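The residues making up each chain are set out below.
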Amino acid sequence: MHRSVLAAVAACAVGIAAGAPSASAKGAPPPSDAVRTAAYLDKIADSPPRLRIFLATLPKGGDLHNHNGGSIYAEDFLRWAAASGLCIATDSWRVVDPPCDAPNRVPAAGLERDYARYSRAIDAFSTRGFETGVGDPKVSGYDRFFATFDAFSGAARGKGGEAIALTREQAAADHVAYLELGVASPVSATAVAALGKVDDPANFAAMAAQLAPMLPGAVAKVRAEYDAIEAKAAEIDRCGSATPAPACGVEARYLYTAIRTLPPAAVFAQLALGFAVAEADPRFVGINIAAPEHDPVAIRDYTLHMRMIAFLKARHPRVNLSLHAGELTMGLVPPRDLAFHIRDAVAVAGARRIGHGIDVAYETDATALLARMARERVAVEINLTSNAVILGVKGRDHPLSLYREAGVPVVLSTDDEGVSRSDMTNEYVRAVIEQHLRYADLKQIVRDGLHYSFLPGASLWADRAGGARVTVCGVLTTPGCATFLAANPKAAKQAQLERDLAAFEAVRR
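Going along each chain's sequence as written, the residues are numbered from 1 onward. The model is predicted, so local features are restricted to residues of pLDDT at least 70 and side-chain atom pairs to those at 80 or more, both for listing and for counting; the totals for chains, interfaces and linings are taken over all residues. The side-chain figures draw on all heavy atoms in the structure; neither hydrogens nor water molecules are used.

1. Describing the side chain of Glu427
The helix count covers DSSP runs of H or I at least four residues long, the strand count covers runs of E at least two residues long, and both are numbered beginning at the N terminus. Along the chain, Glu427 turns up in helix H19 (residues 424-435). Burial classes: relative accessible area under 20% of the type maximum marks a residue as buried, over 50% as exposed, and values in between as partly exposed (1.4 Å probe, protein chains only). Charge counting follows a simple rule: Lys and Arg are positive, Asp and Glu are negative, and His as well as the terminal groups are ignored. Any Lys or Arg side-chain nitrogen found within 4 Å of a carboxyl oxygen on Asp or Glu counts as a salt bridge. At 5.7 Å, Arg430 is the nearest oppositely charged side chain to Glu427, a buried residue that forms no salt bridge. Note on contacts: a residue pair is in contact if any heavy atoms of the two residues lie within 4.5 Å. When neighbours within four sequence positions are excluded, Glu427 is seen to be in contact with Asn383, Leu384, Thr385, Leu412, Ser413, Thr414 and Ser422.

2. A closer look at the state of the cysteines
Any two cysteine sulfur atoms within 2.5 Å of one another count as a disulfide. For the structure on display, the rule yields three disulfides. The disulfide that involves Cys239 links it to Cys248, with 1.9 Å between the sulfurs. Measuring handedness by torsion sign, the sulfur bridge of Cys239 and Cys248 sits at about -90° and is left-handed. Take Cys239: its relative accessible area is 26%, and that puts it in the partly exposed class. One disulfide in the model links Cys473 with Cys481; its S-S distance is 2.1 Å. Between Cys473 and Cys481, the S-S torsion sits near 100°, and that sign places the bridge as right-handed. The two residues Cys473 and Cys481 agree in class, both being buried. Each bonded cysteine of the protein chain gets a number by its place in the sequence, and the pairs then read 1-2, 3-4, 5-6.

3. As for the sheet that holds strand S8 (residues 320-325)
Sheet strands associate in pairs through backbone hydrogen bonding, adopting either a parallel or an antiparallel arrangement. By the convention used here, strands pair only if DSSP detects at least 2 bridges between them. What the eight strands build is an open sheet, ordered S1-S5-S6-S7-S8-S9-S10-S11; its pairing is parallel. Edge positions in the sheet fall to strand S1 (62-67) and strand S11 (410-412), since each has one partner strand and no second. Strand-to-strand, the axes of this sheet are offset by a mean angle of 25°, without reference to chain direction. To obtain each axis, a line is fitted to C-alpha atoms, and for helices this fit is confined to the stretch in contact; angles are then taken between N-to-C directions over 0 to 180 degrees.

4. Some thoughts on the nonpolar core
Only buried Ala, Val, Leu, Ile, Met, Phe, Trp, Tyr and Cys residues count toward a nonpolar core, and they belong to the same one when joined by side-chain atoms within 4.5 Å. One finds Leu55, Phe268, Leu273, Met373 and Tyr403 to be the most contacted residues of the largest nonpolar core, which totals 101 residues. Per-element accounting of this core gives the leading share, 11 residues, to helix H12 (residues 264-280). Setting aside residues no more than four positions away along its own chain, Leu273 makes contact with Val187, Ser188, Ala191, Leu215, Ala218, Val219, Val222 and Tyr256.

Function-wise, these values are silent; they only describe arrangement.
Here it is in structure tokens:
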């Protein structure tokens, strides 16, 4: 080869080695904001502190599985107990009524000056430190978790507005725009009492007829109760003032939740009231059923409960269902009780979302069940911290990857963030660290958190979230799209999420 040609080749090689841009590189467009953001998450994926900073400001759409009582942190329950003049029983570590100078009782007021007792109360009201081995090793995660509700319930009386305010404030801090809160009402007791003695709790028509005369008045009382609760929350956060708190921008709606560990007739009465409330009040967007699924009463009556819900759903077809199902694992109950709970929630009761769904791999013909859920788009509410604490299921043992591979929609949620000492950002950090999700996965989950919500109206998406938009909103800024968004609250919330995601991705990191 001629020396001049060799010299040119050598110079080119040196230029390439030194990082000189090639002709194709010179003409390549810069990466999009989304691609650049995804690359940044890949870079920091093994660093929880960096992930926390990055994910704290990620717009997270909706939290669809959040029990309002369990969303409150132990410190707030102690503060409420002190303000109400209540006591702490030092033999059971429960909030109790006065007198506080009785044996084994101390005033909640001033307890912060007695750190040993204050700290013991925090642990009784939460699962603080459970995953790092703090607490009695003889007490299981599920027993410790469910015991907290009885411990702090006395402090929660009359604090509905304060609870909504605190929950919305935490959501705003986590950049969550929408909440579906699991709630109930003392009015449920009226419905339970109205049934009186029931000879056959499987005679749903007879129980419904017995309840019918009292339901309109009970529904009115629930609506008035939540009018007052929401007014108090708005007052706390200065909503409507010149300086509203960020929490005012978080929309909260409700899932009326029955307790599955009560006698059958009492469960039916709660469900009947819940369906009636959801049909009458748009703030209540659906029905749920909760309490320990492994409780012997819940196990005994599971099939009966699903039939109750199916009966009431047939009478109230527009009411949505998100049902706790499959919050179980091997060893907690006999294998036979792992084989059908999710399937019955979907096929018998008609659930559109499943809460937890941990035991899906143990269901009879799990492959067919997963295919059905994917085909019918029955979403699963994934609660990573809760599942780790209560059931000891995390990492590769968690079925999140199984659901995703089957095409079942999933959303991340907090469950009982106050009890679990977690928050929504932590759920996303765990999803990256433990489940190896990346930015595109998280973005899909964020979008699905609104797409599979029970917000009224049409979706922004023609089919699946993140795909094609409805034709009128191909461009969000057109007058036609503005009209569509004004008529459809779900689509309006989704459009704002798209704007928020674009702003998040535009930040240079």
